[in-house]
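Spelled out from the first residue to the last, the chains are:
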Amino acid sequence: MSPGKINVLVCGIGEYVTGYVPGQTNISDKSMGVVGLVLMDIRQRGKVDWIGMVGTTGKKHAEIREHIQKGLGKYKGLDTSVDLFPPDDVERDAEAYKEVMDGMEPGDAVIVFTPDDTHYEICFYAIQKGLHVLCTIPIIKTLAEHKTRVEEARENGVHVQIERTGKGPTYGDFSYFNSYMSQPKYQLNTFRSWAGKSSDISYYLNSHHVDICTWFAEGIAKPVKLAASASTGVATSEPHNFVEGTG
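Residues numbered from 1 in each chain as written. Predicted model: local features only at pLDDT ≥ 70, side-chain atom pairs only at ≥ 80, totals over all residues. Heavy atoms only, no water.

## Looking at the overall build of the protein chain
Here comes step 1: Looking only at helices and strands, one finds 7 helices and 6 strands in the protein chain.
Here comes step 2: Taken from the N to the C terminus, the helices and strands of the protein chain come in the order β-α-α-β-α-β-α-β-α-β-α-β-α.
Here comes step 3: Put simply, the protein chain has 247 residues, and 40% of those count as buried.
Here comes step 4: Excluding contacts between residues fewer than 6 apart, the proportion of contacts in the protein chain whose partners are at least 24 apart in sequence is 71%.
Here comes step 5: When the accessible surface of the protein chain is split by element, carbon and sulfur atoms take 52% of a total near 14,400 Å². (Helix = DSSP H or I, 4+ residues; strand = E, 2+ residues; numbered from the N terminus. Buried < 20%, exposed > 50% of the residue type's maximum accessible area, 1.4 Å probe, protein only. Contact = heavy atoms within 4.5 Å. Areas by Shrake-Rupley, 256 points an atom, 1.4 Å probe, with all protein chains shown as cover.)

## Regarding the state of the cysteines
Here comes step 1: Applying the stated rule across the entire model yields 0 disulfides.
Here comes step 2: The thiol of Cys123 is not disulfide-bonded; the next cysteine sulfur, from Cys135, is found 3.9 Å away.
Here comes step 3: In this structure Cys123 comes out as buried when scored by relative accessible area, which is 1%.
Here comes step 4: Assessed through its relative accessible area of 0%, Cys135 is described here as buried. (Disulfide = S-S within 2.5 Å.)

## Regarding the sheet that holds strand S1 (residues 6-11)
Here comes step 1: Pairing is parallel in the open sheet, where 6 strands are placed in the order S3-S2-S1-S4-S5-S6. At either end of the open sheet lies a strand with only one pairing partner, and these are strand S3 (83-85) and strand S6 (160-163). Within the sheet, the average angular offset between the axes of one strand and its neighbour, ignoring direction, is 20°.
Here comes step 2: The pairing of S1 with strand S4 (residues 109-112) spans 4 bridges and is parallel. (Pairing = 2+ DSSP bridges. Axes fitted to C-alpha atoms, helices over the stretch in contact; angles between N-to-C directions.)

## Observations concerning the nonpolar core
Here comes step 1: If you look at the biggest cluster of nonpolar residues, it comprises 28 residues, and the most contacted ones within it are Val10, Val35, Leu39, Met40, Met53, Val82 and Ile111.
Here comes step 2: Counting only elements with at least two residues in this core, the list comes to S1, helix H1 (15-18), helix H2 (35-44), strand S2 (48-54), helix H3 (61-72), S4 and helix H7 (201-217).
Here comes step 3: Discounting residues that sit within four places of it in the chain, Val10 has contacts with Val17, Val35, Leu39, Gly52, Met53, Val54 and Ile111. (Core = buried A, V, L, I, M, F, W, Y, C linked by side-chain atoms within 4.5 Å.)

## Quick word on H2
Here comes step 1: Where H2 is concerned, the buried positions are Val35, Gly36, Leu39, Met40 and Arg43. All buried residues of H2 lie within an arc of 135° about the axis, which places them on one face of the element.
Here comes step 2: Those residues of H2 that are buried lie in contact with S1, H1, S2, H3 and S4.
Here comes step 3: Of the residues flanking the end of H2, it is Gly46, one or two places downstream, whose phi is positive at about 85°. (Arc of directions from axis to C-beta.)

## Things to note about the packing of helix H5 (residues 119-128) against helix H6 (residues 143-156)
Here comes step 1: The N-to-C vectors of H5 and H6 enclose an angle of 15°; their axes lie 9 Å apart at closest approach. When the axis of H5 is compared with that of H6, the two are roughly parallel. In the packing of H5 onto H6, the handedness of the crossing is left-handed. Contact residues: Tyr120, Glu121, Cys123, Phe124, Ile127 and Gln128 in H5; Glu145, Thr148, Arg149, Glu152, Ala153 and Asn156 in H6.
Here comes step 2: Classifying every residue of the contact of H5 with H6 by side-chain character gives 5 nonpolar, 3 polar and 4 charged. (Parallel < 35°, antiparallel > 145°, perpendicular 65-115°, else oblique. Left-handed = near helix turned anticlockwise from the far one by under 90°. Nonpolar A, V, L, I, M, F, W, Y, C, P; charged D, E, K, R; others polar.)

Okay, structure coming up:
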């Protein structure tokens, strides 16, 4: 690690990180992702040294490298190099992140953009290694787990934060909050491997709304009632065919 810079490992190599969705990269509203692009920009500004990305299989890496080069290689002066894990010939290794973190130094950082049910273990391993953590919402699925993570972060002297866009310094006095969530149908493919199984689309997406409402009202009021409505059947019908009960 160079002086004044940190190494960053991103756990997750999908749409939100690289913009890569197998067979559908051209229609994504995040065609080049968000996390990877931002890290490359921060590196260009002299704040980040090494960037690594880890998933569960190496079989997608050739397409991901091609996707990154095709979309970002045209920008002069932007270093688009990243190290991808596990190795390209690995069919599946759900714990590949552990070996990568083992080679990092305390004070480096980990960014977690993986399915909801994996956040707890990945964040735990990073914290134990003395690595700062930025995790997509929801960082934890239960209050008990949340309290445990807070204590672990304090004991290991690391920062653990939730990634949340849209929060500004002030929006004035809070009086009324109404939210609406709508996603393009093709984005169901982003969640296909876990939606309705280990977690749910609505749990992931709507936690953003609960989070920002809580932030608005912090120190002012305590929410006591939540009313919500939604359509059903879109994800479980043709041509998507998700498991029954998927939000």
